[in-house]
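Observations on the model geometry
One letter stands for each residue in the lines below.
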Amino acid sequence: MAEPKRSAGTRNATKTTTGKGRRKSPLWRRILLWTLSMFLVVGVIGAGVVAYAYMTIKLPDPNSDFRTNTTFVYYADGKTKIGSYQVQNRQTIPYDAMPQNVKDAIVAAENRTFWTDPGISASGLFRAALGVVGLAPADVTASGGGSTLTQQYIKIMYLTQEKTFTRKAKELLLAAKMGQTLSKQDILEGYLNTVYFGRGAYGIEAAAQAYFNVPASKLDLAQSVALAAIVNSPGNLDPAQGDKQAADLLERYQYTLNGMVEMGAITAAEKAEIYDSLPKFPKQARDSQWGGPKGFLLSMVKRELLANGFTEEQITGGGLKVVTTFDADAQDAAVAAAQKMTLQAAAGKKKAAKQLHAAIASVDNATGGVIALYGGPDFLKSQWNWANNPRPTGSTFKTYALAAALRNGWTLTDKLNGNSFTPKGDSVPVHNADGNHGTVTLQNATTHSINSAFVDLVTQIPNGPAEVQRAAEDAGLPVDGHWDLSNRIPLGNSEVSPLNQAIGYSTFANQGIRHTAHVVKEVFDADGNSRYVADTEGTLTIDADVATDVTYALTKVTQDGTGYRASQLGYPVAGKTGSAYYKTPNGVGEKMVAAWFVGYTRQVTTAVMYVKGPQGTDDLGRHFFGSTFPLSTWLEYMKTAMRGLDRLEFDPPTTRTSTQTPKPKPTPTVTATPTPTATDVPTSTESPTTDPTTEPTATTTPTTSPTATEAKPGDPTAKGP
């Protein structure tokens, strides 16, 4: 039987079978099946790896900078800001305090599926899986698709800004984890308190202040949308940077508004009202809070906070509210008075005025709180705080010798030698600038600032120089002061800062109760709880009757003596002028190195000092006395500091009996040179009238560089509170 013929199809099939009779698949089909199998294996492995990573990954510790809150510093009213301390400019606010428009706008601008998505994008998760098994390039970044708000929050709060796939994969896993562990409200609250808006502002509260000068709660719809739009690229969408940036922001602003309509957050009519233009942005203020005189205040406040147990982290990132003792109006008056009189003293020449340094320190007698302080014109240019810098005090130191005498049984009517003389054991005579006065009372010696009488006084008090030092320290001067422990100590070679002088004199104003100078009144934490209150109790360090008689004696200075112009204030005033002379190095002349006026009412004590030169040791000039520009500056400032305060009288002098023995020997009567009459406030075109009765003559040579306890130029940690 013949073999049946096969069809062509059968013949072809036979040719493609294997030796066992199986047919071989085409090459393209086998490649496709292999590729699909590999993708399936990779997908299973990748999914398993991702699942394992998801189960084991934990949220790391947050980036510390993004947990900080700005600390704000206020004047004494607790409302007017002086400045702030910050790591990042941020004020965290709760979700409920965020306007709904802000929440809707940020979702419309950055992640419109926020309320329904799991916190990640599907495409992003797939790329992460490929990356884990090594099938994605190492430098893949997030640019392949938009990140969700949750992912952005994760990147800001927990990760770095590096653009690698490893960081992106971790971001996705953490976002997925966060999406399952935190509510959407918690995530949006954290994001809006953390994200950077530009202009140094982190979080919506700081951004509202930075761009619109309002708290976040006061943002209107247009402002909310504009801020949400800026988040996309803060450096390129700030309208203050130029027209192009404003135009780009408008485009993003309109995109956000369209999204809000799509989401149903606003109506088309609401969009139409604000669609065509951006909201009005106030003029951007220059960030200069550390510039000008205010920088000295902020430096002092921070130093005092550290001294009272607050850490650097609490101060710069703890969200504290610091209420200071500074009075805003008084501070402005101090700055204005110092700068006005400095220019007048330089005859209106700005270049010369830069070489003069006025310092003002003003304290509340009842508490020791610093009401106002002028340490220099610009903290950023020089951190040398002249109000905290010790300089020779001149005759203002005679007040402590007066107190020492009263403590040792003297009275204001006891007699002293008002003529030039050479103290026992000395080789250099003591002179008065206005000649001899004969026998004078302690009161007259104080009123007319008679040098020889005060040196005579110290020589008669047992252990006189040490007693003067003790009185000064009890009044409030630092115990490590630069004391001249000779019989010439009342002439003012001792160096004291204006702030310490203000505190020392305020003890007499406060009837012997000494307070510590301080600039921080109260501190509140971020929740509004009071965490620190300044101690204002004070300590009785000088007997009240001694303080009363010191004050009475100093009122005569402002009525009949060298400081008589202080009476123009219209309040009872006690005070003392002072100027410090030194022999020049070649011994052929003298130079005036410091001029002072320290005066007080019952409520306020203010010290004013003028020095000259980079280190305050240059010559002010022969006609620059405490009775001229220092007193004029004091009067100019005190008119504001005393505004609205009651007119309080000082107590009358005591009637104590002198216990001073032996009585001083009378000196020959010498006709005193009449005291020159001082003019009113000097003008920039006239030379101030001299008042030689204010000036002691010192014979020592001053130092030409700051002493050990002074702050070096540029050192913000200047000694003093």
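Here we summarise the structure given alongside this text. (Residues numbered from 1 in each chain as written. Predicted model: local features only at pLDDT ≥ 70, side-chain atom pairs only at ≥ 80, totals over all residues. Heavy atoms only, no water.)

Some points on the packing of aromatic side chains
- Across all of its chains, the model carries 18 aromatic pairs by this definition.
- Ring centres of F114 and W115 lie 5.0 Å apart, and the angle between their planes is 75°; this geometry places the pair in the edge-to-face category.
- Residue F114 is classed as buried on the basis of its relative accessible area, which comes to 0%.
- Judged by its relative accessible area of 39%, W115 is partly exposed.
- A centroid spacing of 6.2 Å and a plane angle of 40° characterise the contact between Y400 and F508, whose relative ring orientation is tilted. Linking Y400 in helix α16 (residues 398-407) with F508 in helix α20 (residues 498-509), this pair joins segments that are 108 residues apart in sequence.
- Residue F508 is classed as buried on the basis of its relative accessible area, which comes to 1%.
- Aromatic ring contacts, followed pair by pair, group F397, Y400, W483, Y505, F508, Y600 and F650 into a single cluster.
- The ring of Y275 is capped by K271, whose NZ or CZ atom sits 5.0 Å from the centre of that ring. (Phe/Tyr/Trp six-rings, centres within 6.5 Å; stacked < 30°, edge-to-face > 60°. Buried < 20%, exposed > 50% of the residue type's maximum accessible area, 1.4 Å probe, protein only. Helix = DSSP H or I, 4+ residues; strand = E, 2+ residues; numbered from the N terminus. Lys NZ or Arg CZ within 6 Å of the ring centre and 35° of its normal.)

Observations regarding the pairing of strand β2 (residues 81-85)
- The buried count for β2 comes to four of five residues, which makes it a mostly enclosed element.
- Across four bridges, strand β1 (residues 71-74) lies against β2 in antiparallel orientation. Among the inter-strand pairings, Y74 is bridged to a residue of β2, identified as K81.
- Counted between consecutive antiparallel strands, the loop separating β1 from β2 contains six residues, among which G78 sits at a positive phi close to 75°. (Pairing = 2+ DSSP bridges.)

Notes on the nonpolar core
- Membership of the largest hydrophobic core comes to 81 residues, with the highest contact counts inside it found for V301, L305, F326, F397, Y400 and F508.
- Sorting elements by how many residues they give to this core places α16 first, with seven residues.
- Discounting residues that sit within four places of it in the chain, L305 has contacts with Y85, F310, I315, V322, V520 and V523.
- A105, A108, L188 and V225 belong to the second-largest nonpolar core, a separate cluster that totals 45 residues. (Core = buried A, V, L, I, M, F, W, Y, C linked by side-chain atoms within 4.5 Å. Contact = heavy atoms within 4.5 Å.)

Examining the layout of surface pockets
- Roughly 670 Å³ of volume is contained in the second largest pocket.
- A353, K354, L356, H357 and P377 are the residues nearest the centre of the second largest pocket, which is lined by 24 residues in total.
- Looking at the lining of the second largest pocket, the elements that each hand over two or more residues are α14 (328-345), α15 (350-353) and β6 (356-364).
- With four residues, the top contributor of residues to the lining of the second largest pocket is α14.
- In the lining of the second largest pocket, the residues fall into twelve nonpolar, eight polar and four charged. (1 Å grid on protein atoms, 1.4 Å probe; cavity = no way out; pocket = protein on both sides within 12 Å on 5 of 7 lines; lining within 4 Å. Points joined across faces, edges and corners; volume = space filled by probe spheres on them. Nonpolar A, V, L, I, M, F, W, Y, C, P; charged D, E, K, R; others polar.)

Things to note about a positive patch on the surface
- Together, K350, K351, K354 and K381 give the surface a local cluster of positive charge.
- If you trace the backbone, K350 turns up in helix α15. (Patch = residues over 30% accessible without salt bridge, like charges linked within 9 Å, V, L, I, M, F, W, Y side chains within 5 Å. Areas by Shrake-Rupley, 256 points an atom, 1.4 Å probe, with all protein chains shown as cover. Salt bridge = Lys/Arg side-chain N within 4 Å of Asp/Glu carboxyl O. Lys, Arg positive; Asp, Glu negative; His and termini not counted. Charge placed at Lys NZ, Arg CZ, Asp CG, Glu CD.)

Focus on the pairing of strand β5 (residues 321-324)
- Inspection of the sheet shows β1 paired to β5 by three bridges, in the parallel sense. The residue bridging Y74 from the neighbouring strand is V323, located in β5.
- Two strands pair when backbone bridges link them, and β5 and strand β13 (residues 520-524) are joined in this way by four bridges, in the antiparallel orientation. The partner of K321 across the bridge, within β13, is F524.

Considerations on the pattern of salt bridges
- As enumerated under the stated definition, the model contains 15 salt bridges in all.
- Ionic pairing is found between D426 and R488, a salt bridge with its closest N-O pair at 2.7 Å. Placement of D426 in the loop between β9 (415-417) and β10 (439-441) and of R488 in the loop between α19 (464-475) and β11 (495-496) is noted, with a sequence separation of 62 residues between them.
- The partly exposed category is assigned to D426, whose relative accessible area is 28%.
- Residue R488 is classed as buried on the basis of its relative accessible area, which comes to 10%.
- When the shortest N-O distance is used, the salt bridge between D474 and R470 registers 3.8 Å. You can see D474 and its partner R470 sitting in helix α19, four residues apart, about one turn around the helix.

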